[in-house]
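# Topology and contacts: notes
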Amino acid sequence: MQHVAQPAVQALQVLSEKIQRGETSSQLLSPGKVLEDIVFALRTLEILTKYGWVSRRRSSSRGAANGQGTAQQLPHPAFAVFVHVWPTLRVIASGLCDHARIAERLAALFKVSIRAFDRDMEPYLGQLLELLVDCFQRTALSPYLYAAGIAMEHYSDNENFRPQLLQIVTGLSTKVFVVLGSEEGFVHNPDVVEDYFITMDRLTHAMPNQIVAAPFFDSVFELAVNGALIEHRKASKTLLLYLETCLLAGTDRPVNAETRPVIANCFRQHGQTLVSSLVAGVAGALARHHISSSREGSLGMTLLAVSRMLGDTDRETFETLLANAVQSPRCAHVNRELGEWFVHE
């Protein structure tokens, strides 16, 4: 494997040495063929990692008294290549983090490395996540956000990593709050919306008590509420799915004993704004495909989650929220009879 990867590794090492000598991005990637060579080298490592084997390889050692062998897992054959090239990748990521194509290929390589190497990657997880946060904070390019999300989801079941994962979410969120700090931010950065909220949704599923109790949670929830009417299809689905997950974590169930009070407090602050946006979307502010979906985030499923969170005992509150929403300026075209039917049916 190392022999096959050698040309790609050498090309990356040459680039790393030039970055360390202080050459600028324009100098490093000119002429255009240099960029293509670097992209090809990163893609080569990605393919070798992804397709370098079929399944976890095992070796059998014979000699047991019963004559049966014992299985022992062998490292992924590309892992030694990763260990060798990791310092080089860090230099390239730091030096050329603002180049979109390189960002995409680095993120793809890191993603397949995490999934292929699994526990062998754990010693490198801290450095990798810190690198991705730094690159994202400097550039706001979504591939770094995406790769960080994959890494955090993959290792979120390990409680030893959870404090660090919360720190990483804080670092990513700080930049996201700036990028998505206005309506225009949501419109012009749908990839950031999609990758951020799919990450938050997965982490809320994986470690709900820690995520909901974190200092950033209220701000993330409010951000999602503010962007509930984003028109971009994929970004809308992930954002609404995140809201649905949060609201269901606030339902009256024993498993939600720790999350329910926090969710209820967030909903008291932002619930009317959220319901008004959802109803406006159903009433025509968004295209029809945003309204219903049984598996992905949608306006209808998020409204249902609101209803389930409030429960049958608080039906009056839900009807009040709906009535206020129907009377908002964004629903001015809805006639009174239809509005009353929507609220009470």
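Analysis parameters
- Residues numbered from 1 in each chain as written.
- Predicted model: local features only at pLDDT ≥ 70, side-chain atom pairs only at ≥ 80, totals over all residues.
- Heavy atoms only, no water.
- Helix = DSSP H or I, 4+ residues; strand = E, 2+ residues; numbered from the N terminus.
- Buried < 20%, exposed > 50% of the residue type's maximum accessible area, 1.4 Å probe, protein only.
- Contact = heavy atoms within 4.5 Å.
- Areas by Shrake-Rupley, 256 points an atom, 1.4 Å probe, with all protein chains shown as cover.
- Expected span 1.5 Å × (residues − 1).
- Bend = angle between axes of the 7 residues up to and from the residue.
- Phe/Tyr/Trp six-rings, centres within 6.5 Å; stacked < 30°, edge-to-face > 60°.
- pLDDT = per-residue confidence, 0-100.
- 1 Å grid on protein atoms, 1.4 Å probe; cavity = no way out; pocket = protein on both sides within 12 Å on 5 of 7 lines; lining within 4 Å.
- Points joined across faces, edges and corners; volume = space filled by probe spheres on them.
- Nonpolar A, V, L, I, M, F, W, Y, C, P; charged D, E, K, R; others polar.
- Axes fitted to C-alpha atoms, helices over the stretch in contact; angles between N-to-C directions.
- Parallel < 35°, antiparallel > 145°, perpendicular 65-115°, else oblique.
- Left-handed = near helix turned anticlockwise from the far one by under 90°.
- Salt bridge = Lys/Arg side-chain N within 4 Å of Asp/Glu carboxyl O.

## Some remarks on the overall build of the protein
Helix and strand content of the protein: 17 helices and two strands. The 345 residues of the protein split such that 47% are buried. For the protein, the proportion of contacts with a sequence separation of at least 24, taken over those separated by at least 6, is 71%. Working note: accessible area of the protein is about 17,400 Å², and carbon and sulfur atoms make up 49% of it.

## Quick notes on the environment of Glu258
Mapped onto the elements, Glu258 comes out in the loop between helix 13 (233–248) and helix 14 (260–285). A C-alpha to C-alpha distance of 6.3 Å links Glu258 and Asn209, two positions 49 residues apart in sequence.

## Quick notes on helix 14
Taking 1.5 Å per residue, 26 residues should reach 38 Å; helix 14 reaches only 30 Å between its end C-alpha atoms and comes up short. Where helix 14 bends most, at His270, the angle is about 65 degrees.

## As for the packing of aromatic side chains
All told, the structure shown has 11 aromatic pairs when counted by the stated rule. For the pair Phe82 and Tyr124, a centre-to-centre distance of 5.7 Å together with 90 degrees between the ring planes defines the contact as edge-to-face. With a gap of 42 residues between them, Phe82 in helix 4 (residues 79–95) and Tyr124 in helix 6 (residues 122–139) connect regions that are remote in the sequence. We note that Phe82, like Tyr124, is buried. The interplanar angle of 80 degrees and the centroid separation of 6.4 Å between the aromatic rings of Trp86 and Tyr124 together place this pair among those described as edge-to-face. Separated by 38 residues along the polypeptide, Trp86 in helix 4 and Tyr124 in helix 6 bring together distant segments of the chain. Since its relative accessible area comes to 4%, Trp86 is described here as buried. On the basis of relative accessible area, Tyr124 is assigned to the buried category, the value being 18%. Three or more aromatic residues link up through ring pairs in this structure, and these residues are Phe79, Phe82, Trp86, Phe110, Phe117 and Tyr124.

## Digging into the confidence of the model for the protein
Low pLDDT marks regions whose predicted coordinates should not be analysed in detail. Scored by pLDDT, the protein has a mean of 88; 89% of the residues are at 70 or more. Note on residues 57–71: pLDDT under 50 across the span, and 15 contacts to partners over four residues away in sequence or across chains.

## Points about unusual backbone geometry
With a phi angle near 55 degrees, Asp118 is a residue other than glycine that sits in the positive phi range. Along the polypeptide, Asp118 turns up in the loop between helix 5 (100–117) and helix 6. Owing to a relative accessible area of 33%, Asp118 belongs among the partly exposed residues under this scheme. With a phi angle near 60 degrees, Ala140 is a residue other than glycine that sits in the positive phi range. By secondary structure assignment, the location of Ala140 is in the loop between helix 6 and helix 7 (142–155). Taking relative accessible area as the criterion, Ala140 reaches 18% and is therefore assigned buried.

## Thoughts on empty space enclosed by the protein
In the structure shown here, the tally under the stated rule is two cavities of 30 Å³ or more. What the largest cavity holds in volume is close to 70 Å³. Together, 12 residues line the largest cavity, and Leu45, Thr49, Ala78, Val81 and Phe82 are the ones closest to its centre. Elements with a contribution of two residues or more to the lining of the largest cavity: helix 3 (32–51), helix 4 and helix 5. Split into classes, the residues belonging to the lining of the largest cavity amount to 10 nonpolar, two polar and no charged. What the second largest cavity holds in volume is close to 30 Å³. Lining the second largest cavity, in full, are Leu145, Met152, Val169, Leu172, Ser173, Tyr196, Thr199 and Met200. Its residues assigned to classes, the lining of the second largest cavity comprises six nonpolar, two polar and no charged.

## So, the packing of helix 13 against helix 14
Where helix 13 contacts helix 14, the two axes come as close as 12 Å, and the packing angle between them is 140 degrees. With respect to their mutual orientation, helix 13 and helix 14 come out oblique. Along this stretch, helix 13 crosses helix 14, giving a crossing that reads as left-handed. Note on element contacts: helix 14 touches helix 13 through Ile263, Phe267, Leu274 and Leu278, opposite Leu240, Leu243, Cys246 and Leu247. Broken down by class, the residue content of the contact of helix 13 with helix 14 amounts to eight nonpolar, no polar and no charged.

## A closer look at the pattern of salt bridges
Under the criterion given, the structure shown has eight salt bridges. Its salt-bridge partner being Arg105, residue Glu46 comes within 3.0 Å of it at the nearest N-O pair. Of this pair, Glu46 sits in helix 3 while Arg105 sits in helix 5, and the two are 59 residues apart along the sequence. For Glu46, a relative accessible area of 7% puts it in the buried group. Put simply, Arg43, Glu46 and Arg105 are held in one network by salt bridges that share partners.

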